[in-house]
Amino acid sequence: MLNLNKRIVIFYLLLITIFYSVRGQNVFIANSQNRNLTSLNGKWKYIIDLYETGQTGFMPLYMNIKPKDKTDRVEYSFDQARTLWVPGSWNTQKPELYYYEGTIWYRKTFDKKDISEDKRYFVYFGAANYLSTVTFNGKILGKHEGGFTPFCFEVTNLIKEKENCLIVGVSNTRSNDQIPAKVTDWFNHGGLIRDVKLIETPASFISNYFLSLDKSTLNNKIKTIKGRLTLNGKTGQQKVWLIIPELKVRKEITIDASWTGNFTIDVKHLGLWSPENPILYTISIETENEKIQDRIGFRAIETKGKQILLNGKPIFLRGISLHDENPVRRDRANSVDDARLVLGWAKELGCNFVRLAHYPHQENIVRLADEMGIMLWEELPLYWGIDWDNPNVYQKAIDQYSALINRDFNRASSIIWSITNETAPTPARNQFLISLAEHIRTLDNTRLLSAACKKDQAEDGHPDNDYTLSDPIMGYLDIISFNEYLGWYGGLPAECRKKTYKASMDKPVIVSEFGGGALQGFYADSLTRWSEDYQAYLYKENLAMFDRIDGLAGMTPWILVDFMSPLRQLPDVQDGWNRKGLISEKGIKKKAFFILQEFYRKK
Ligand code: GCU
């Protein structure tokens, strides 16, 4: 029989859980960079909370309590605390935080002038890894789970002119009921890793909008743009206009009782987005109180047998894989400059395609890819040891994929949603992913679905030379993709001469990973492991093998740049870095970079 105190504690915790589950549902604000915003980036105070007492302990940190007088006991002080830079992971800002896994509470104080009854106010986070507790002026607003997608909470009724106090607890503690699960081959960058902003909107504002080309009109002189937009409002009916000056479009959108407007627009002379010609149109969405502008490209991506068709024409995806990390700064990428650095390298390599592995990257890189004409593969970290039997994990996948699609739907460059990476085809995993694929298609039928399946046959001890790619989920996907590491995790590079892969269905095939490690500057013969020469030889043999794959429509070799990973601890070679990059963390190209560059030049 539980004693009274324990029952009170359990009741209190139950209240908190209910409270979050209600208040934790946040609003989605598309195109956050084009809103009326105040950046909250910069120096934030922080307090380490290794024993997780910051919220329910003897001194809740989010209350920002200060001593009343000299006799008063308060055992923490944000005012005297040290600072962390936001956006940025905490790991490489302080030596003592490099491998820190736990909770850190951040505080930002700010004034806000001209607060108006006719406005609404939101605190918006580009991403925070992994679990965030957001509080404002001493009130808990709610929790958000997921390390790579945007979220926001409304603070309209709490904001004041002076000394607003935004306190956020972020935990990067890993757990097997999360996405990703506990073990990954990348660094667990913790904290407020992307922009934080205060967004001000009218009482009724444009929450989200989705525009795309109606594929059925692709070959018509007059093409159709179809779309949907949603308002979030507290006031009466709204007039909403969609304006595309270059196409002479000015259309009033009718908003229904559910605050949604569906529309189609027939347009002449619509230029289609492509890598060769990344045409973007300036669109405006206007109400009497608000004007949102965006730059959107229109294109059709489809498959036909073993071909991928962009705007009706077959295209080969000359790709490369990429983590969301600025290796020189040893931090999560979080700026346009970071995006420009890596996409510049991809362009130099001869790429028209980049796999944004293994989680949603920063929004800047998706928008920059639109401008540079680089197609993208995007994915959630449904990676390795996911707890497929757990319904909460499935809900997390739904929530995170919905947030990703909300954020990137209008980006022409994004052409593929991938639903998993290297997971064993158990019945629970198959059912989870088939359901997820169906959910994604209901949200977005303008992109193709794939998944990075199967490791190479050498690991599976497969005897035959030709390895048939077969995974139960492939029947539900548009593109068959697989990771193979012949010459690295199985056999030597010469093994590639005896083997090839073939798809068990009439669908396009992408090699979503292959590669090998090399320490930049270590030269030897082509059979000396970890030398640049071995990596170059491995690329030569694999690329020759890929030329024998019937229906090969693209590839994203692993990986553009060396990246941080606690799994990689070989002294004087890895030292906490995965060395499969074609470029070192200092930005120096390895020999294999030029092997792939030459191969793409001929594609
Ligand atoms: C796997 C995995 C990657 C990993 C790579 C490697 O295929 O998908 O995340 O980094 O292999 O072993 O380097």
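What you see is a predicted model; the values in this text were computed from it and never measured.

Caption draft 1: Local environment of the overall build of the protein. Counting its regular elements, the protein contains eight helices and 34 strands. Based on the C-alpha atoms only, the size of the protein along its principal axes is roughly 80 × 60 × 50 Å. Counting over 603 residues, the protein shows a buried share of 60%. For the protein, the share of sequence-separated contacts (at least 6 apart) that also reach a separation of at least 24 residues comes to 74%. Carbon and sulfur atoms provide 52% of the accessible area of the protein, an area that totals close to 24400 Å². Treating the 77 positive side-chain charges of the protein as one cloud and the 71 negative ones as another, the clouds have centres 2 Å apart.

Caption draft 2: Summary view of the nonpolar core. If you look at the biggest cluster of nonpolar residues, it comprises 84 residues, and the most contacted ones within it are L382 and M555. The next biggest cluster of nonpolar side chains, apart from the first, holds 29 residues, and it includes I206, I225, V267 and Y281.

Caption draft 3: Quick peek at the sheet that holds strand β1 (residues 36-39). Strand order in the open sheet formed by four strands is β1-β10-β5-β8, and the pairing between neighbours is antiparallel. The two strands at the open ends of the sheet, each matched to only one other strand, are β1 and β8 (151-154). Strand-to-strand twist of the sheet, defined as the mean angle between neighbouring strand axes without regard to direction, takes the value 25°. In this sheet, strand β10 (residues 196-202) lies alongside β1 in antiparallel orientation, the contact comprising four bridges.

Caption draft 4: Representation of the pattern of salt bridges within the structure. In the structure shown here, the tally under the stated rule is 41 salt bridges. Across the pair E101 and R174 runs a salt bridge, and its minimum N-O distance is 2.8 Å. With E101 in the loop between β3 (83-86) and β4 (103-110) and R174 in the loop between β9 (164-171) and β10, the pair connects residues that are 73 residues apart, well separated along the chain. For R174, a relative accessible area of 33% corresponds to the partly exposed category.

Caption draft 5: Quick peek at helix α3 (residues 363-372). The buried fraction of α3 is high, at nine of 10 residues. Phi for G373, located one or two positions after α3, is positive at around 75°.

Thresholds, definitions, all that
- Residues numbered from 1 in each chain as written.
- Predicted model: local features only at pLDDT ≥ 70, side-chain atom pairs only at ≥ 80, totals over all residues.
- Heavy atoms only, no water.
- Helix = DSSP H or I, 4+ residues; strand = E, 2+ residues; numbered from the N terminus.
- Buried < 20%, exposed > 50% of the residue type's maximum accessible area, 1.4 Å probe, protein only.
- Contact = heavy atoms within 4.5 Å.
- Areas by Shrake-Rupley, 256 points an atom, 1.4 Å probe, with all protein chains shown as cover.
- Lys, Arg positive; Asp, Glu negative; His and termini not counted.
- Charge placed at Lys NZ, Arg CZ, Asp CG, Glu CD.
- Core = buried A, V, L, I, M, F, W, Y, C linked by side-chain atoms within 4.5 Å.
- Pairing = 2+ DSSP bridges.
- Axes fitted to C-alpha atoms, helices over the stretch in contact; angles between N-to-C directions.
- Salt bridge = Lys/Arg side-chain N within 4 Å of Asp/Glu carboxyl O.

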